[in-house]
Amino acid sequence: MAYLELNNVSKSFGGASVLKDVNLAVEQGEFVAIVGFSGAGKTTLISMIAGLLKPTSGSLKLNGREITEPGPDRGIVFQNYSLLPWLTVFENILLAAEAVNPNWSPDKLKEHVEKYIAMVNLTPARNKKPSELSGGMRQRVSVARALAMNPQILLLDEPLSALDALTRATLQDEISRIWSEDKKTVVLITNDPDEGIYLADRIIPLTAGPNATLGPSFKVGIPRPRDRKSINHNEHFKQLRRDIVEFMLGSKSERHTAITKKMILPDIEPEDLNIPRTMTAWRKTPIRKREQKEESVEVKP
Amino acid sequence: MKSFKFDWLVLPLIGVAVVLLLWQASCATWAKDLPTPAKTWEISKPYIMEPFAKRGEMDQGILRFTWYSLILVAKGYFLALVIGTPIGFFLGLSKTFTKAFDPIIQVLRPVSPLAWLPLGLVLFMGAGKNASELGALFTIAICSMWPTVLNTAVGVRAIPQDYLNVAKVLKLSRTKTLFKVLIPASLPYMFTGFRLSLGIAWLVIVAAEMLTGRPGVGGFLWQEYNALIYEHIILCIVTIGVVGFILDRLMSLVEKKFKTA
Ligand SMILES: Nc1ncnc2c1ncn2[C@@H]1O[C@H](COP(=O)(O)OP(=O)(O)O)[C@@H](O)[C@H]1O
Ligand SMILES: [Mg+2]
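The rules we used
Residues numbered from 1 in each chain as written. Chains lettered and ligands numbered in written order. Predicted model: local features only at pLDDT ≥ 70, side-chain atom pairs only at ≥ 80, totals over all residues. Heavy atoms only, no water. Donors = N, O, S within 2.8 Å, 3.2 Å for Na, K, Ca; no water. Helix = DSSP H or I, 4+ residues; strand = E, 2+ residues; numbered from the N terminus. Pairing = 2+ DSSP bridges. 1 Å grid on protein atoms, 1.4 Å probe; cavity = no way out; pocket = protein on both sides within 12 Å on 5 of 7 lines; lining within 4 Å. Points joined across faces, edges and corners; volume = space filled by probe spheres on them. Nonpolar A, V, L, I, M, F, W, Y, C, P; charged D, E, K, R; others polar. Contact = heavy atoms within 4.5 Å. Buried area = accessible area lost by both parts, 1.4 Å probe. Salt bridge = Lys/Arg side-chain N within 4 Å of Asp/Glu carboxyl O. Axes fitted to C-alpha atoms, helices over the stretch in contact; angles between N-to-C directions. Parallel < 35°, antiparallel > 145°, perpendicular 65-115°, else oblique. Patch = residues over 30% accessible without salt bridge, like charges linked within 9 Å, V, L, I, M, F, W, Y side chains within 5 Å. Areas by Shrake-Rupley, 256 points an atom, 1.4 Å probe, with all protein chains shown as cover. pLDDT = per-residue confidence, 0-100.

Caption draft 1: Structural view of the coordination of the magnesium ion (ligand 2). Every protein donor of the magnesium ion (ligand 2) is listed here as A:Thr43 (OG1) and A:Gln79 (OE1), and their distances to the metal cover 1.9 to 2.2 Å. Placement of A:Thr43 in helix H1 (residues 42-50) and of A:Gln79 in the loop between strand E6 (74-77) and helix H2 (89-100) is noted, with a sequence separation of 36 residues between them.

Caption draft 2: Summary view of the sheet that holds strand E1 (residues 4-13) of chain A. All names here are of chain A. Ordered in space as E2-E1-E4-E5, the four strands form an open sheet in which the pairing is antiparallel. In this open sheet, the two strands that pair with only one neighbour each are strand E2 (16-26) and strand E5 (65-66). In this structure, E1 lies alongside strand E4 (residues 57-62), joined through five bridges in antiparallel fashion. Residue pairing for E4: Ser-10 is matched across the bridge by Ser-57.

Caption draft 3: Quick peek at unusual backbone geometry. Here A:Arg224 and A:Pro225 are connected by a cis peptide whose omega angle stands at -5 degrees. Its identity as a non-glycine residue notwithstanding, A:Asn63 has a phi of 55 degrees, on the positive side.

Caption draft 4: Focus on empty space enclosed by the protein. Residues and elements named next belong to chain A. Counted under the stated rule, the structure contains three cavities of 30 Å³ or more. Put simply, the largest cavity is a space of about 70 Å³. If you go around the largest cavity, the residues you meet are Val-143, Leu-147, Leu-154, Leu-156, Ile-175, Ile-178, Trp-179, Asp-182, Lys-184 and Val-186. Of all the elements in the fold, those that place two or more residues in the lining of the largest cavity are helix H4 (135-148), strand E7 (153-157) and helix H5 (165-182). Residue contributions to the lining of the largest cavity peak at four residues, all from H5. Per-class residue counts for the lining of the largest cavity are eight nonpolar, no polar and two charged.

Caption draft 5: Structural view of the interface of chain B and chain A. On the side of chain A, 19 residues touch chain B, which itself brings 14 residues to the contact. Interface area for chain B against chain A, summed over the two sides, is near 1,600 Å², with a carbon-plus-sulfur share of 72%. Contact with chain A buries area across many residues of chain B, yet B:Val169, B:Leu170 and B:Lys171 alone supply 36% of it, more than any other trio. Inspection of the chain B/chain A interface yields two salt bridges.

Caption draft 6: Representation of the packing of helix H3 (residues 62-93) of chain B against helix H9 (residues 217-226) of chain B. Residues and elements named next belong to chain B. Between H3 and H9, the shortest axis-to-axis distance is 7 Å and the interhelical angle comes to 125 degrees. What the angle tells us is that H3 and H9 run oblique. The segment H3 lies against H9, with Ile-62, Phe-65, Thr-66 and Ser-69 engaging Val-217, Gly-218 and Phe-220. Its residues assigned to classes, the contact of H3 with H9 shows four nonpolar, three polar and no charged.

Caption draft 7: Representation of a nonpolar patch on the surface within the structure. A contiguous nonpolar surface patch, about 720 Å² in accessible area, is contributed by B:Phe6, B:Leu9, B:Val10, B:Leu11, B:Leu13, B:Ile14, B:Val18 and B:Leu22. Tracing the chain through its elements places B:Leu11 in helix H1 (residues 2-28).

Caption draft 8: A look at the confidence of the model for chain B. Per-residue confidence for chain B gives a mean pLDDT of 89; residues scoring 70 or more make up 97%. Two numbers describe this predicted complex: its pTM, 0.79, and its ipTM, 0.76.

Laid out in structure tokens, this is it:
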């Protein structure tokens, strides 16, 4: 029996069915990447594994036991970092460490937290508040917080999607290094097939929603440590990428919907701050949107 | 820099001058009983120049009176926060609690301090010579706590799901969740409530002192009205306004500090 097992998991919000019959089996120590379009239900899926959401039907099991609530065995890195803005880097991570190890002495906790801050190269920023950090740094705090709980399995929800390409590459290497150090089970959600191939043992595409479900898994046979530069010329890599992208686009072209919806927008057009405020360009009245009542949006693959 | 001075110094001074002129003109035309600005200054001078003098129970420097009022306000305001904040938290956290108590809060909220005060005096009738103070405290507290209650409730309801998820994933205990997540997350809203409450508490104090005849700006105002020294009414009004303005400024400084934190 696999370490993490999802059996026919479906989830709908109200009447809207987001995920349908999702099956997944992840072995201990395995690094699995789930690739999907935005809005397909990736966050919903990982929230169910984390125990934050309950499935509408089906079962989720970790280590043979039904997942009913969040637990310290699962460390999660949220898509939007979710750091507490009133706590410093140190305090954010300490909060997690304390919660998991209530009996530790303050010294031991401090040492533990410092270790994880160092692991993600943030020691110089340890006393900063999240608002003083760049996106990449916040993401690293979020990763350190999850790791400091010493979870069995690490759930990463698009941890790098919001970052620029260079920071992204650096953090990918960091995630890869951390994983190779203590071989935790990892489920990585991403919208970038390349990222999945570079990091994971196995890639599973999530079809486009609604009623999204997991497709066949693609094994990544590229030996580790993987080299970012040479991987681009690797035939297996290229083939994998073609297959995954093709599968995902195929799943999307089956759906072609036109939605007509009532637009509920603020009545005032936001001002474009890039336009310099000269006296001539100055508009006395804001632009009203009142006339625009309805808009037809074609949703294309 | 030049326009800065103009905006913040010259324009307000022009405003004051206009009001003084209108005042003077009113004295000369339709309001014959209204003391002129010069007369007001002359009669008020001893109270301003020796602001802490104590010549008798109801004849004291204006800042000394203000001080008495501030102490009473501080006590009543403190009471309002201590009672109002937890109620706000319950309202924010529990739908059932909201459904049960929101209607009664909406009904009690617009009741004027002038209506509450007699009830306060009745409630504490047994307290002898403390009755007027306790009645006043009751009135200040019950009138000024509503903004704290409502803003705290809104603040708690507005806590982003992300923060609550963090608390759930980290399995924080109830107390930890309260002190590390709920309170810090709603603090900016709470402080808006605290500031509005302080404004109301200061409004109420005058009414409370007038009706109970306690020494303080409001009590002094009422006494001088009865003693036909109308200049002092204006002195009191200006003092009440200035003190209220300063309190509001101080609170919004504190509020800003928490908004950015
Ligand atoms: N709490 C919720 N209530 C209603 N609909 C939701 C909720 N959470 C997500 N959804 C819907 O589920 C779909 C998938 O959302 P999500 O899992 O966040 O997508 P992804 O993470 O893949 O971008 C979206 O259409 C979204 O509107
Ligand atoms: Mg998502």
